[in-house]
Amino acid sequence: LFDGVYPFYPQQRKAAVFDISAIIVIVVFLALACSFLLIIPGIRGRARLYWTLRILLSLFMGVVIVLVQFTGDWETGWVQANTSYKSFSPVQVNTDIGLHIGLAGVNVTLRGNPVNQINETINYNEHFPWNFGADYDRSYNEGLKKGLPSPILYVAEKFSMQSPCAVHRQYRIAGHYASAMLWVAFCTWIISNILFSMPVLVYGGYMFLVTGAFMIFSLLSFSTVRNSPMCLIQIGTRTLHVAYGGSFWLMLAIGLLCFVVGITIVAMHHLNLDLLKTFFDLREDEAEEYQEMPEVFINPHFMNKGL
């Protein structure tokens, strides 16, 4: 020991609770939602309820489209096992090992049961990026130099370019195209909201269908990694299995919701246009435009001359 810690572990690593980019996205959309709530008392009648429903639902869709770009739970897996903690050491520790796969990389979590074992705090969450512009193998080599625990290095090695599993390329390309399609979906979401602010509601419904389609395309792109067989991640006597995580299922739900909203708007446009205009608060403007004048003033000079 050197000052109470092992030489290869000079710093006690802490597990990350939130991703900074995800926090920024949430704060931006919360600011937009709060700004709308400040002006909602100025809307009269039932239109207040319709505006609140439309704006909050639309903002929820938008924040999900952007947020899943930075989450790391498109695929997740957990296993509890007794495993060695350090290389060249026979000491066994009881740990929970988690694997969280996102579009931009993989997170490996190591948490002790209990957290304090062998005079150390076992609570790690290491990120290894594979997005374009990042070097996964370099991050893995830096982990070797830092002396990360053996279970983390073992799991991270399965996704390296030199690994016989050969899944690095599939995950990297699938994540890249899934992310690109989600950004296109975000752009179509913005266009649909612009169209809903104008009297062209049916085109906004069409753009919602396009938004949902690109969301589904992103899921299909990410699902292509299942075409490649995944190596077994054997930790002690247990095997770590991964399955689709919360971000995947949330994106599927929002994509289907976009389809439902788009189909409903298009159907109402052809079946009950007045009800659709009422929901989008457009009937009042038309009523004011076509309402009859309550009093008419006639110039008798022109009346006598014309008649």
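All values derive from a computational prediction rather than experimental measurement.

What counts, and at which threshold
Residues numbered from 1 in each chain as written. Predicted model: local features only at pLDDT ≥ 70, side-chain atom pairs only at ≥ 80, totals over all residues. Heavy atoms only, no water. pLDDT = per-residue confidence, 0-100. Contact = heavy atoms within 4.5 Å. UniProt positions renumbered as here; feature names shortened; annotations may be inferred. Helix = DSSP H or I, 4+ residues; strand = E, 2+ residues; numbered from the N terminus. Buried < 20%, exposed > 50% of the residue type's maximum accessible area, 1.4 Å probe, protein only. Polar contact = N/O pair within 3.5 Å; in protein donor to acceptor, adjacent residues only side chain to side chain. Pairing = 2+ DSSP bridges. Arc of directions from axis to C-beta. Disulfide = S-S within 2.5 Å. Salt bridge = Lys/Arg side-chain N within 4 Å of Asp/Glu carboxyl O.

### Digging into the confidence of the model for the chain
Detailed reading of predicted coordinates is not advised where the pLDDT is low.
Part 1 of the argument: With 86% of its residues at a pLDDT of at least 70, the chain reaches an overall mean of 83.
Part 2 of the argument: Scored below 50 in pLDDT, residues 285–293 shows one contact in the model against residues more than four places distant or in partner chains.

### Comments concerning the UniProt feature "transmembrane region" (unreviewed entry) in the chain
Part 1 of the argument: Annotation from UniProt places "transmembrane region" (unreviewed entry) at residues 20–39, 51–70, 177–196, 203–222 and 242–267.
Part 2 of the argument: Helix makes up 100% of residues 177–196 and strand 0%. Its end C-alpha atoms lie 29 Å apart.
Part 3 of the argument: What you have in residues 242–267 is 85% helix and 8% strand, and the ends, taken at the C-alpha atoms, are 40 Å apart.

### A closer look at the side chain of N125
Part 1 of the argument: Here N125 shows up in strand β4 (residues 120–129).
Part 2 of the argument: Its relative accessible area of 17% is what places N125 among the buried residues.
Part 3 of the argument: There is a polar contact of 3.5 Å between the side chain of N125 and the side chain of N107.

### Looking at the pairing of strand β2 (residues 92–101)
Part 1 of the argument: Of all the 10 residues making up β2, eight are buried; the element is thus mostly covered by neighbouring parts of the structure.
Part 2 of the argument: In this sheet, β2 lies alongside strand β1 (residues 75–84) in antiparallel orientation, the contact comprising 10 bridges. Each bridged residue has a counterpart across the sheet, and for W78 the counterpart in β2 is G98.
Part 3 of the argument: Two strands pair when backbone bridges link them, and β2 and strand β3 (residues 105–117) are joined in this way by seven bridges, in the antiparallel orientation. Paired with L99 across the bridge in β3 is V108.
Part 4 of the argument: Here β2 folds back onto β3, and the loop between the two strands holds three residues.

### Regarding helix α3 (residues 136–146)
Part 1 of the argument: Listed in full, the buried residues belonging to α3 are Y136, D137, S139, Y140 and G143. Each buried residue of α3 lies within a common arc of 160° when the element is viewed along its axis, so the set occupies one face. Turned more than 90 degrees away from the buried face of α3, the exposed residues are R138 and K145.
Part 2 of the argument: Where the residues of α3 are buried, they touch β3, β4, α4 (150–157) and α5 (168–196).

### So, the state of the cysteines
Structurally, a disulfide amounts to a covalent bond that connects the sulfur atoms of two cysteines.
Part 1 of the argument: Considering all chains together, one arrives at one disulfide under this definition.
Part 2 of the argument: The disulfide that involves C165 links it to C231, with 2.3 Å between the sulfurs. Here C165 and C231 share a disulfide; its torsion about the S-S bond, -135°, makes the bridge left-handed. Here C165, found in the loop between α4 and α5, pairs with C231, found in the loop between α6 (201–223) and β5 (233–235); they are 66 residues apart in sequence, far enough to count as distant.

### Looking at the pattern of salt bridges
Part 1 of the argument: Using the criterion set out here, one finds three salt bridges in the structure.
Part 2 of the argument: Salt-bridge contacts for K86 lead to E120; the nearest nitrogen and oxygen are separated by 3.3 Å. With K86 in the loop between β1 and β2 and E120 in strand β4, this residue pair connects regions lying 34 residues apart in the sequence.
Part 3 of the argument: A residue is classified by how much of its surface remains accessible, and K86, at 14% relative accessible area, is buried.
Part 4 of the argument: E142 is paired through a salt bridge with R138; the nearest N and O atoms lie 3.6 Å apart. Taken together, the positions of E142 and R138, both in helix α3 and four residues apart, correspond to about one turn of that helix.
Part 5 of the argument: When its relative accessible area of 37% is taken as the criterion, E142 is described as partly exposed.

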